[in-house]
Amino acid sequence: MRKVMLGTVALMLSTPVLADTAVVTAARMFDPASGRTLADPVVIITDGRVVSLVTQGGARPAIPGGARRIDLGDATILPGLIDMHVHVASDATIRGDRALQYTDAFWTVVGVSNVKKMLEAGFTTVRNVGSGDYADVALQQGIDGGYVVGPRIVPSGYALGSTAGHCDGLEGLPPSFASLPNPSVADSPEEFRKLVRVQKRYGAQVIKICATGGVMSRTDSPGAQQMTLAEMTAVVDEAHRLGLKVAAHAHGTEGINDALRAGVDTIEHASLADATSFKLAKDKGAWFSMDIYDDDYILAEGAKNGMYAESLEKERQIGLKQRQTFRAAHAAGVKMIFGTDNGGVFPAGQNALQFAKQVEWGMTPTEAIRTATTNAAQALGREADVGSLAPGHYGDIVAVAGDPSADVRLLEHPVAVIKGGELVFKAAH
Ligand code: ARG
């Protein structure tokens, strides 16, 4: 017996591990970069990456023996979607002080449920911009290790901000809480520099800062700048040196503009951006990530979910304005990515509801789809990995029942989702 086992081990060491190959076929493929729809795609995915993509007219590729077949019938396939602004470890239905009755680890458990929903909704990559306890890194580790089903996660760790700011976890609590650890708060360029390094130490792949006040925080004003230009410049300098991009939560005009001057890579929300902001963003090559679906959900469900009255009032002030800014920014030629605040603001897995809003506020369907594919991949600096089905990219695919470039609402109900060549979701008919 012992001999046989040793023999098997020797055999395993000397024989190359067999590659796993999946062959995906469907009626059509929508290619976001070119905006074209191509018939009869055959996508060959080996060990998670596309090795061959052939469409109508191309010579049919040789199918490796033993390949798994995934035929998606009459569906249209496109690259897996990317949401650039999610909160995997939050529950949109538990808001305000109601969150205080849960354990710290509860939010990571919520995350296990959320990430599955986001993946099954067709979002095969999500950028998580702010989680306590490095829950986003933990979920990434769990997913990559095969413990949990979910998308590829680009984690930030804690969202960093100033004392009393939007990202101050002790904001709104009485002074007797002030001695608690507050791992996301800093108050000088050097303190922020240190926090960037700490996020990096625990696995952050992007740095999130809170440049201005926000809606969900209780006491501050979305229009108010909460980090100085010097602080943001230090964050960007340190993050870029470490190879990390910087995402800045910024609703107010001055905060947006100083964040852009500091060199951040993406502006989150951008509600009160003005013509100066548009020019700065274009000059600097920065992207706007505007969560313009949220207003509908917050105004309909926020009070029921326990949102603070102050937050609801702030949403009423800013929601419509943000949509008007979205239209103006897009018309001015600002580069846009798809960021929804899903998980934090509306229930996990409903990310795709924002596509129709982006079309309603000025984009063509193809432009809207690009925000979540081509553009998002570029903004992540991962255009060689995601956002396209060209050979070399991950075999991440979402399939819909019809032409998404005619009707983006089809993206709200994918018929199948493939991640790295594995069928992770198939709709029941
Ligand atoms: N996390 C954001 C904040 O609290 C959500 C803003 C939602 N509202 C909106 N209109 N996009 O500021």
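Procedures and definitions
Residues numbered from 1 in each chain as written. Predicted model: local features only at pLDDT ≥ 70, side-chain atom pairs only at ≥ 80, totals over all residues. Heavy atoms only, no water. Helix = DSSP H or I, 4+ residues; strand = E, 2+ residues; numbered from the N terminus. Rg over C-alpha atoms; globule rule 2.2 N^0.38 Å. Buried < 20%, exposed > 50% of the residue type's maximum accessible area, 1.4 Å probe, protein only. Near = heavy atom within 4 Å. Polar contact = N/O pair within 3.5 Å; in protein donor to acceptor, adjacent residues only side chain to side chain. Areas by Shrake-Rupley, 256 points an atom, 1.4 Å probe, with all protein chains shown as cover. Nonpolar A, V, L, I, M, F, W, Y, C, P; charged D, E, K, R; others polar. Pairing = 2+ DSSP bridges. Axes fitted to C-alpha atoms, helices over the stretch in contact; angles between N-to-C directions. Phe/Tyr/Trp six-rings, centres within 6.5 Å; stacked < 30°, edge-to-face > 60°.

## Structural notes on the overall build of the protein chain
Here comes step 1: Helices and strands together make up the secondary structure of the protein chain, namely 12 helices and 19 strands.
Here comes step 2: Relative to a compact globule of 429 residues, whose C-alpha radius of gyration would be 22 Å, the protein chain shows 22 Å and is just as compact.
Here comes step 3: Projected onto the principal axes, the alpha-carbon positions of the protein chain cover approximately 65 × 60 × 40 Å.
Here comes step 4: With 429 residues in all, the protein chain has 55% of them scored as buried.

## What about the site of the ligand?
Here comes step 1: As a matter of local geometry, the ligand sits amid 14 residues, with V215, M216, H251, E315 and D341 nearest to it.
Here comes step 2: Within the contact set of the ligand, a nitrogen atom lies 3.0 Å away from a side-chain nitrogen or oxygen of Q322.
Here comes step 3: At 2.8 Å, a side-chain N or O of D341 approaches a nitrogen atom of the ligand.
Here comes step 4: Its free accessible area being 340 Å², the ligand has 97% of it covered by the protein chains.
Here comes step 5: Within the shell around the ligand, the residues separate by chemical class into 4 nonpolar, 6 polar and 4 charged.

## Looking at the sheet that holds strand β1 (residues 21-25)
Here comes step 1: One open sheet holds the 4 strands; their spatial order is β5-β4-β1-β6, and the pairing between them is mixed. Sheet topology places β5 (49-54) and β6 (68-71) at the edges, where each strand pairs with a single neighbour. Here the average twist between neighbouring strands, direction ignored, is 20°.

## Observations regarding the packing of aromatic side chains
Here comes step 1: For the structure shown, the criterion picks out 10 aromatic pairs.
Here comes step 2: A centroid spacing of 6.5 Å and a plane angle of 20° characterise the contact between F123 and F355, whose relative ring orientation is stacked. Placement of the pair is F123 in strand β9 (residues 123-128) and F355 in helix α10 (residues 353-360), with a sequence separation of 232 residues. The residues F123 and F355 share a single accessibility class, namely buried.
Here comes step 3: When the centroid spacing of 4.3 Å and the interplanar angle of 20° are considered together, the rings of F338 and F355 count as stacked.

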